[in-house]
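Coordinates in review
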Amino acid sequence: MRALLTAALTIAVGATVFAASSNKERRFFSARHGVGVDAPPGWTLSLHTGYPTVLVALVHPSGSRISLAVDRTTVKDAAALVDQSKPGLLAQGLTIDRVAPGGHGGVLVDARATARNQALRQLYVVRSIEGVSDAKQAIVLTLATPTRELAAASGSFDWVLAHLTLETPIRPEAKPEAKPDAGR
């Protein structure tokens, strides 16, 4: 009986250690920007985005990708950020299907690129940065997925949205750096 209890305890501790380590591998937070995300089960984090304003990408084996981009902005709100972004989306061959209110006081945009058989869902958020007068931060969470994967990937996007962390940035006055801070 004691051996069984010891084995059960060892398995429980091992599972807790594994869960804690895999949780860290699925969590990204940038103290500098005050934003973070958790990757849904089955998705992996990639800090190698190739763009200084894209802090992290979540990648799925199906070809779906969720990215988190953060930058300073001068626009007044999320709707103005969407309006500013529309010409770029259209230039990429995307057709905007829907613009609606989204989580975190943001605006949700659904678009598609029929020629590439790709769907796009984005949440645009604009928030004031505490401690810096008239400074605002633009946050864009983007899901890019093959159209056939949209239903499954949308659930993951919603999961990431529910686990989006927004805190006060640590160094809001700092100029953006050429390379990301790699999070914590």
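Every value quoted in this text rests on a predicted model; they were computed, and no experiment measured them.

Thresholds, definitions, all that
Residues numbered from 1 in each chain as written. Predicted model: local features only at pLDDT ≥ 70, side-chain atom pairs only at ≥ 80, totals over all residues. Heavy atoms only, no water. Core = buried A, V, L, I, M, F, W, Y, C linked by side-chain atoms within 4.5 Å. Buried < 20%, exposed > 50% of the residue type's maximum accessible area, 1.4 Å probe, protein only. Helix = DSSP H or I, 4+ residues; strand = E, 2+ residues; numbered from the N terminus. Contact = heavy atoms within 4.5 Å. pLDDT = per-residue confidence, 0-100. Expected span 1.5 Å × (residues − 1). Bend = angle between axes of the 7 residues up to and from the residue. Polar contact = N/O pair within 3.5 Å; in protein donor to acceptor, adjacent residues only side chain to side chain. Pairing = 2+ DSSP bridges. Arc of directions from axis to C-beta.

**Re the nonpolar core**
By size, the foremost hydrophobic cluster in this structure holds 22 residues, and its most contacted members are Val37, Leu58, Ile66, Leu68, Leu123, Leu141 and Phe157. Breaking this core down by element, the ones donating at least two residues are strand 2 (35-38), strand 4 (54-59), strand 5 (65-73), strand 8 (118-128), strand 9 (136-146) and helix 3 (150-162). No other element matches the four residues that helix 3 contributes to this core. Leave out the neighbours within four places in its chain, and Phe157 touches Ile66, Leu108, Arg121, Gln122, Leu123, Leu141, Thr142 and Leu143.

**What to know about the confidence of the model for the protein chain**
Considering every residue of the protein chain, the mean pLDDT works out to 83; 79% of them sit at 70 or more. Low pLDDT (under 50) marks residues 1-22, which in the prediction has zero contacts with non-local residues, meaning those over four places away or in another chain.

**As for helix 2 (residues 78-91)**
Along its 14 residues, helix 2 runs 20 Å from first to last C-alpha, staying within 8% of the 20 Å computed at 1.5 Å per residue. A bend of about 35 degrees at Ser85 is the largest found in helix 2, and the proline Pro87 appears one to four places after it. Within helix 2, the full set of buried residues consists of Ala78, Leu81, Val82 and Leu89. Here the buried face of helix 2 lies against strand 5, strand 6 (95-101), strand 7 (107-113), strand 8 and strand 9. Taking the backbone nitrogen of Ala79 as reference, a side-chain oxygen 3.3 Å away marks Asp77 as the first, capping residue of helix 2. Immediately beyond the C-terminal end of helix 2, within one or two residues, lies Gly93, with a positive phi of roughly 85 degrees.

**Thoughts on the sheet that holds strand 10 (residues 165-166)**
On the basis of which strands lie adjacent, the open sheet formed by three strands has the order 1-2-10 and antiparallel pairing. Each edge of the open sheet carries a strand with a single partner, namely strand 1 (27-30) and strand 10. Bridge count for strand 1 against strand 2 is four bridges, and the pairing is antiparallel. Residue pairing in the sheet places Ser30 in a bridge with Val35 of strand 2.

**Some remarks on helix 3**
In this model helix 3 runs 18 Å from its N-terminal to its C-terminal C-alpha over 13 residues, within 8% of the 18 Å that 1.5 Å per residue would give. Buried residues of helix 3: Ala153, Ser154, Ser156, Phe157, Val160 and Leu161, and no others. Here the buried residues of helix 3 occupy an arc of 165 degrees about the axis, which is enough to place them on one side. Seen from the open side of helix 3, the exposed residues pointing more than 90 degrees away from its buried face are Ala151, Ala152 and Ala162. Close packing links the buried residues of helix 3 with strand 2, strand 4, strand 5, strand 7, strand 8 and strand 9.

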